[in-house]
Amino acid sequence: MDSDPTHDTASSMPGSSAIYFDGTTSRRHAVTPGFYDRLEINADDRTLAMWSYADIRRVDSPSGALRLTCLTAPALARLEIRDAAVAAELISRCTRLDEDFPDRRGIARIVGWSIAAALSIVGVIWFGVPLAADRLTPLVPQALERRLGAVADGQVRTLFGGKVCDNTSGQAAFTKLVNAVRESAGLDTSIQSQVLATPIPNAFALPGGKVYVFNGLLAKAENADEIAGILAHEFGHLRHRDGTRNLIYNGGTSFLIGLLFGDITGSGALIFASRSLVTASYSREAEQNADTFAIDAMHRLGRSPKPMGELMFRVTGKEGDRTLSILSNHPLTEDRLARMSNEDRPPSGPPLLTAVEWASLKAICSSAK
Ligand SMILES: [Zn+2]
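It should be emphasised that the depicted structure is a prediction, and the values quoted were computed from it without experimental measurement.

Observations concerning the environment of threonine 72
(1) Moving on: In this fold, threonine 72 is placed in the loop between β6 (66–70) and β7 (78–81).
(2) Moving on: Measuring from C-alpha to C-alpha, the distance between threonine 72 and serine 52 comes to 8.6 Å, with 20 residues separating the pair along the chain.

Concerning the packing of helix α6 (residues 224–239) against helix α9 (residues 284–300)
(1) Moving on: Taken N-terminus to C-terminus, the directions of α6 and α9 make an angle of 125°; their axes are 7 Å apart at the nearest point. Taken together, the axis directions place α6 and α9 in an arrangement best described as oblique. Where α6 crosses over α9, the handedness of that crossing is right-handed. Seen from α6, the contacting residues are Asp225, Ala228, Gly229, Ala232, His233, Phe235, Gly236, His237 and Arg239; seen from α9, they are Ala286, Glu287, Ala290, Asp291, Phe293, Ala294, Ala297 and Met298.
(2) Moving on: Along the lines of polarity and charge, the residues of the contact of α6 with α9 split into nine nonpolar, four polar and four charged.

Looking at the coordination of the zinc ion
(1) Moving on: Bound to the zinc ion on the protein side are His233 (NE2), His237 (NE2), Glu287 (OE) and Glu287 (OE), at distances that span 2.1 to 2.8 Å.
(2) Moving on: Bound by four donor atoms, the zinc ion shows angles of 51 to 138° at the metal and therefore irregular coordination geometry.
(3) Moving on: When the donor residues of the zinc ion are listed from N- to C-terminus, their spacing reads H-x3-H-x49-E. Highlighted residues: histidine 237 in helix α6 and glutamate 287 in helix α9, separated in sequence by 50 residues.
(4) Moving on: The class for glutamate 287 is buried, based on a relative accessible area of 0%.

What to know about α6
(1) Moving on: Over its 16 residues, α6 runs 22 Å from end to end, which matches the ideal 22 Å to within 8%, given 1.5 Å per residue.
(2) Moving on: In terms of burial, α6 is largely enclosed, as 15 of its 16 residues are buried.
(3) Moving on: Taking the backbone nitrogen of aspartate 225 as reference, a side-chain oxygen 3.1 Å away marks asparagine 223 as the first, capping residue of α6.
(4) Moving on: Note on α6: the residue one or two positions beyond its end, arginine 241, has a positive phi of about 55°.

Structural notes on the nonpolar core
(1) Moving on: Among the nonpolar cores identified, the biggest contains 41 residues, and Phe174, Leu177, Leu217, Ile227, Leu231, Phe235 and Leu361 are the most heavily contacted of them.
(2) Moving on: Among the elements of the structure, α4 (168–184), β10 (203–206), β11 (210–214), α5 (215–220), α6, α9, α10 (306–316) and α12 (355–362) are those that each provide at least two residues to this core.
(3) Moving on: Considering every element that reaches this core, the biggest residue donor is α6, with eight residues.
(4) Moving on: Here leucine 231 is in contact with Phe174, Leu177, Val178, Val181, Ser193, Val211 and Val213, once residues within four sequence places are set aside.
(5) Moving on: Counting 23 residues, the second largest nonpolar core, distinct from the first, contains Ile56, Leu66, Ala73 and Val86.

Observations regarding the side chain of aspartate 225
(1) Moving on: With respect to the secondary-structure elements, aspartate 225 resides in helix α6.
(2) Moving on: Contacts of aspartate 225, omitting those with residues within four sequence positions, involve Met298, Arg303, Pro307 and Leu352.

Observations concerning the pairing of β6
Each regular strand shows side chains that alternate between the opposite faces of the sheet.
(1) Moving on: Counted residue by residue, β6 has four buried out of five residues, so it is predominantly covered.
(2) Moving on: Sheet topology note: the strand β5 (residues 56–58)/β6 ladder contains three bridges and is antiparallel. Within β6, the position partnered with arginine 57 by the bridge is threonine 69.
(3) Moving on: Pairing of β6 with β7 involves three bridges; the strand directions are antiparallel. Its bridge partner being in β7, leucine 68 is matched across the sheet by leucine 79.

Side note on the sheet that holds strand β3 (residues 39–43)
(1) Moving on: The seven strands lie next to each other as β4-β3-β2-β1-β7-β6-β5, forming an open sheet whose pairing is antiparallel. Of all strands in the sheet, those with a lone pairing partner are β4 (46–51) and β5, marking the two edges. In this sheet, adjacent strand axes meet at a mean angle of 35° when their direction is disregarded.
(2) Moving on: Helix-sheet contacts for helix α1 (residues 84–93) involve β2 (28–35), β3, β5, β6 and β7, and the interaxial angle to β2 is about 55°.

Some thoughts on α9
(1) Moving on: The end-to-end C-alpha distance of α9, which contains 17 residues, comes to 25 Å, matching closely the 24 Å that a straight helix rising 1.5 Å per residue would cover.
(2) Moving on: Directly beyond the C-terminal end of α9, a positive phi value near 75° is found at glycine 302.

Considerations on the pairing of β7
(1) Moving on: Sheet topology note: the strand β1 (residues 18–21)/β7 ladder contains four bridges and is antiparallel. Among the inter-strand pairings, tyrosine 20 is bridged to a residue of β7, identified as leucine 79.

Thoughts on the state of the cysteines
(1) Moving on: This structure, assessed with the given rule, holds one disulfide.
(2) Moving on: Shown here is the disulfide that connects cysteine 165 with cysteine 365, its sulfur atoms set 1.8 Å apart. As the torsion about the S-S bond is roughly 95°, the cysteine 165-cysteine 365 disulfide counts as right-handed. Of this pair, cysteine 165 sits in strand β8 (residues 164–165) while cysteine 365 sits in the segment after α12, placing them 200 residues apart in sequence.

Thresholds applied
Starting from 1, residues in each chain are numbered consecutively following that chain's sequence as written. In view of the model being predicted, local features appear only for residues whose pLDDT reaches at least 70, and side-chain atom pairs are presented and counted only at 80 or more, with totals across whole chains, interfaces and linings using the full set of residues. Only hydrogens and water are set aside; all other atoms, that is, all heavy atoms of the structure, feed into the side-chain values. Think of it this way: any DSSP run of H or I at least four residues long counts as a helix, any run of E at least two long counts as a strand, and we number them from the N terminus. Axes here mean lines fitted to C-alpha atoms, for a helix over just the part in contact, with angles spanning 0 to 180 degrees between N-to-C directions. Here is the rule for angles: anything less than 35 degrees is roughly parallel, anything more than 145 is roughly antiparallel, 65 through 115 is roughly perpendicular, and the remaining ranges are oblique. The hand of a helix crossing depends on one turn: near helix anticlockwise from the far one by less than a right angle means left-handed, and clockwise means right-handed. Pairs of residues are marked as contacts when any of their non-hydrogen atoms sit within 4.5 Å. Classification convention: Asp, Glu, Lys, Arg as charged; Ala, Val, Leu, Ile, Met, Phe, Trp, Tyr, Cys, Pro as nonpolar; all other residues, Gly among them, as polar. Here a donor is an N, O or S atom found within 2.8 Å of the metal, or within 3.2 Å if the metal is Na, K or Ca; sites may look incomplete because water is not among the atoms. The geometry test gives tetrahedral to four donors whose angles all lie between 85 and 135 degrees, gives square planar to four donors and octahedral to six donors whose opposite members are over 155 degrees apart with all other angles between 65 and 115, and gives irregular to the rest. Think of it in three bands: residues with accessible area under 20% of the maximum for their type are buried, residues over 50% are exposed, and the middle band is partly exposed, with areas taken using a 1.4 Å probe on protein chains only. Multiplying 1.5 Å by the helix residue count minus one yields the expected span of that helix. Side-chain atoms alone can form a polar contact between residues adjacent in sequence; in general such a contact is a pair of N or O atoms within 3.5 Å, and within protein one must be able to donate a hydrogen while the other accepts it. Buried residues of nine kinds, namely Ala, Val, Leu, Ile, Met, Phe, Trp, Tyr and Cys, make up a nonpolar core once their side-chain atoms join them within 4.5 Å. A pair of strands is treated as paired once DSSP finds two or more bridges between them. A pair of cysteine sulfur atoms is labelled a disulfide when the two atoms are within 2.5 Å.

Structure, rendered in structure tokens:
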């Protein structure tokens, strides 16, 4: 029976007591297991395979049979033993027969992990994204930030149908004011600011450095310090990259929701993200930090931050018309006005605009020069 006469014949079971599939062909081999220092799978006078006992694993078997595979064999290689004595002999030698293969307990473990994975995605959406946004925001390159801003910019133009106001004298006054605040805020000339012909009293900053002031806010403003403070506040959002953080937060959320529902193109997520950037509010903390930034910038200009608070209060009112503007999502304007009043100081710097320039800025959207 043995192909090798030096083998201990007592270790070999007589007859073709097993079926072997080599895992590469569909051929069924009637084989005899030979129990030596390794398991030999012998057919006629050939050894088809040699399996180390430590590598042999049990796989799902029909009742009355022991079905085995081997970690070093082709994945579909199988040895099926129906002879109880041969099976018992093999089981006694294969000490790791039931390791590493998903039995029922293993399957339960896999199901458990799958549920945990699904829950963790939900957890990331509710809890993880703000943390991720905070960590990711400083890593976003400025070039990418500008591209994100450009997408959002297109959304702004669409949403607010904004025509840019830039009549010559108005634009000259606006540029002078923007430059004074920008320099005081320590920001470079990549900052761009424009007035849009929109009646909503609002202003905001987009990632990449674009600040919009709506004509509706100019209409409510009574002096240049009020607009300067608002500009400084928006510059604070830019310096703190709050818009980019919001974009990651909203974009990240929609991206993950998209993944959950199978939308992995990302384009829908980006449009949704930039739209929510325009309509979503910053966190209260971000608003307070931007206010702090604005208060410091105004102090460096030798101007009071109080007018900024007064303009906000004028726009939102005591309770505020909370449907009108992004300002409505800011912290309570009463609290902010109180804070800026505390920071009020007599002017130590020159007026930011002359009376004539201020009048020109107020009229920046009129067609007359
Ligand atoms: Zn703000």
